[in-house]
Amino acid sequence: MDAFRHRALRLAVPVAAFACSVALLSGCSDSGSSGDRQESTTQAAAAAAAVNSDLQDDYKKVIKEVLPSVVQIQASSDLGSGVVYDDKGHIVTNAHVVGDEKTFRVTTANSENTLTAKLVYAYPEQDLAVIKLDKVPDGLEAATFGDSSKVEVGQIVLAMGSPLGLSSSVTQGIVSATGRTVTEGRAGGGTGATIANMVQTSAAINPGNSGGALVDLDGQVIGIPTLAATDPNLGDSAAPGIGFAIPSSMVKTVADQIIENGKVTDSGRAALGITGRTVVDDSFRPAGVAVVDVKSGGAADKAGIEAGDIITKLGDTGITTITSLSEALASESPGDKVTVTYTRDGAGKTADVTLGEQ
């Protein structure tokens, strides 16, 4: 995951606004005495100090409550973070953190002792995984996962994890946007998953933060930091202040199934039931998705779509690449009915498809 940075600017606005209101109350002119102006300045400074102190206390309280539940995960060739999910030693993290590994070394925030853990199940389609400690140490507490549907743009958030191997690190930012659909690259160990409803944040996240915690000021985990945006105009280097976290509600849905069943039994992810690849036109521009294989009994098969067909639209959304098809499906749900536009032997066709589940 690429690194990105942010600036903590939030306090500048309320402090300035308060100072202006004080100035307005005293006339906002030079007609008052120097003593009045000095008193107003003193009051504004005191108010600013109080705001700073209250927010700092909030940060300290949240960090004290949540950071002990954020761990460092070391695989044979990779390092990331995880969040303690329950009192039985289950830890949720990203699938790209665990990779193909089955055993891991885990370090908690309040101990330098290394613990061992085993993989329960990895679900690359949502870039989530659960591992379990072989022995649960005394005092290990699970984090509280919040309702990510209530997350609002502008909320202050803290990112906790092990960026660049620096365990128990905390950075601060805001929720920049919600409802983002993002496709991971496969370079650098990504799963290539297309993930819907992600939380965009400005909190600084670096390699090693993956699988950690994005936390609100109520001390609730609202997301799992997963990837940072890259800027192709800068040689695919990190785009400062743009990172994404898998929403906590999805994390809970997947983790609960893994813990109960040992796998994901209900993904909630729509699927056509095909294997496809991007095709290009005569100008070498992406022009659709060629169906390579059709799952027997799947959604596409039932609708009459065959291998060799080229999909160009899903509903009203134009399809030019396999990624655009994945992103279009991410906005749908299993059981939804959509019209698929495709070509067969150069002739345009449509099919009404009831989407299946991935």
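Rules used in this analysis
Residues numbered from 1 in each chain as written. Predicted model: local features only at pLDDT ≥ 70, side-chain atom pairs only at ≥ 80, totals over all residues. Heavy atoms only, no water. Helix = DSSP H or I, 4+ residues; strand = E, 2+ residues; numbered from the N terminus. Buried < 20%, exposed > 50% of the residue type's maximum accessible area, 1.4 Å probe, protein only. Contact = heavy atoms within 4.5 Å. Areas by Shrake-Rupley, 256 points an atom, 1.4 Å probe, with all protein chains shown as cover. Core = buried A, V, L, I, M, F, W, Y, C linked by side-chain atoms within 4.5 Å. Arc of directions from axis to C-beta. Expected span 1.5 Å × (residues − 1). pLDDT = per-residue confidence, 0-100. Salt bridge = Lys/Arg side-chain N within 4 Å of Asp/Glu carboxyl O. Pairing = 2+ DSSP bridges.

Trainee: Looking at this model, I keep getting lost on the overall build of the protein. Mind explaining?
Mentor: When helices and strands are counted, the protein shows six helices and 21 strands. Here the protein holds 358 residues, and 41% of them are scored as buried. Considering only contacts in the protein between residues 6 or more positions apart, those separated by 24 or more positions represent 61%. Carbon and sulfur atoms make up 48% of the accessible area of the protein, which totals about 17900 Å².

Trainee: When you look at the environment of G139 in this model, what are you seeing that I'm missing?
Mentor: Assignment of secondary structure puts G139 in the loop between β6 (128-133) and β7 (144-145). A residue is classified by how much of its surface remains accessible, and G139, at 62% relative accessible area, is exposed. Between the C-alpha atom of G139 and that of D87, which follows or precedes it by 52 residues, the distance is 9.5 Å.

Trainee: When you look at the environment of V340 in this model, what are you seeing that I'm missing?
Mentor: By the secondary structure assignment, V340 is in strand β19 (residues 337-344). A sequence separation of 25 residues divides V340 from G315, and the C-alpha atoms of the two residues are 6.1 Å apart. Not counting chain neighbours up to four residues away, the residues in contact with V340 comprise L272, I305, I311, K313, L314, K349, T350, A351 and V353.

Trainee: Which parts of the structure should I look at to understand the nonpolar core?
Mentor: One broad rule of soluble globular proteins: the nonpolar side chains tend to lie buried together. If you look at the biggest cluster of nonpolar residues, it comprises 35 residues, and the most contacted ones within it are V83, F145 and M160. If near-sequence neighbours (up to four positions away) are discounted, M160 is found in contact with V62, I63, V66, L67, V70, S169, V170, N209, G212, A213 and V215. The next biggest cluster of nonpolar side chains, apart from the first, holds 20 residues, and it includes A300, Y342, A351 and V353.

Trainee: Teacher, can you tell me more about helix α6 (residues 322-330) here?
Mentor: S324, L325, A328 and L329 are the residues of α6 that are buried. End-on, the buried residues of α6 take up no more than an arc of 135°, which puts them together on one face. For α6, the secondary structure elements touched by its buried residues are β14 (270-271), β15 (274-280), β16 (286-294), β17 (310-314) and β18 (317-318).

Trainee: Help me understand helix α4 (residues 248-261) in this model?
Mentor: For the α-helix, the turn length of 3.6 residues means that residues three or four positions removed from each other point alike. Between its terminal C-alpha atoms α4 stretches 20 Å, which fits the 20 Å expected from 14 residues at 1.5 Å a residue. Within the sequence span of α4, burial applies to S248, V251, V254, A255, Q257 and I258. G262 sits one or two positions beyond α4 and adopts a positive phi of about 80°.

Trainee: Hey, could you run me through the confidence of the model for the protein in this one?
Mentor: If pLDDT is low for a region, its predicted coordinates should not be looked at in detail. On average, residues of the protein score 86 in pLDDT, and 85% of them are at 70 or above. Throughout residues 1-31 the model reports pLDDT below 50, and contacts reaching past four residues in sequence, or to other chains, amount to 57 contacts.

Trainee: Teacher, can you tell me more about the pattern of salt bridges here?
Mentor: As a working rule, side chains carrying opposite charge can pair if their charged atoms are close by. Overall, the coordinates contain five salt bridges when judged by the stated rule. The network of salt bridges with shared partners includes E306, D309 and R344.

Trainee: Looking at this structure, how should I read the pairing of strand β2 (residues 79-84)?
Mentor: Look at any regular strand and the pattern is simple: side chains alternate between the two faces of the sheet. Where burial is concerned, most of β2 is hidden: five out of the six residues are buried. For strand β1 (residues 70-74) and β2, the ladder comprises five bridges, and the chain directions are antiparallel. Considered in β2, the bridge of V71 is made with G82. Count of turn residues in the β1/β2 antiparallel hairpin: four residues. Two elements, β2 and strand β3 (residues 90-93), share two bridges in a ladder whose sense is antiparallel. Note that in β3 the partner of V84 across the bridge is I91. The antiparallel pairing of β2 with β3 creates a hairpin that spans five residues between the two strands, and G89 there sits at a positive phi of about 95°.

Trainee: Sorry, what's going on with the environment of V251 here?
Mentor: Within the secondary structure, V251 is located in helix α4. When the C-alpha positions of V251 and A129 are compared, they lie 9.3 Å apart, and in sequence the two are 122 residues distant. In this structure, V251 is in contact with V92, L128, F145, I224 and I246, ignoring residues within four places of it in sequence.

Trainee: For this particular structure, what's the right way to read the pairing of strand β8 (residues 156-161)?
Mentor: Taken across its six residues, β8 has six buried, putting it largely inside the fold. Summarising the sheet, β8 and strand β9 (residues 169-183) pair through six bridges and their orientation is antiparallel. The residue bridging A159 from the neighbouring strand is T171, located in β9. Alignment of β8 against strand β11 (residues 213-216), held across four bridges, turns out to be antiparallel. The residue of β11 that forms the bridge with L158 is V215.

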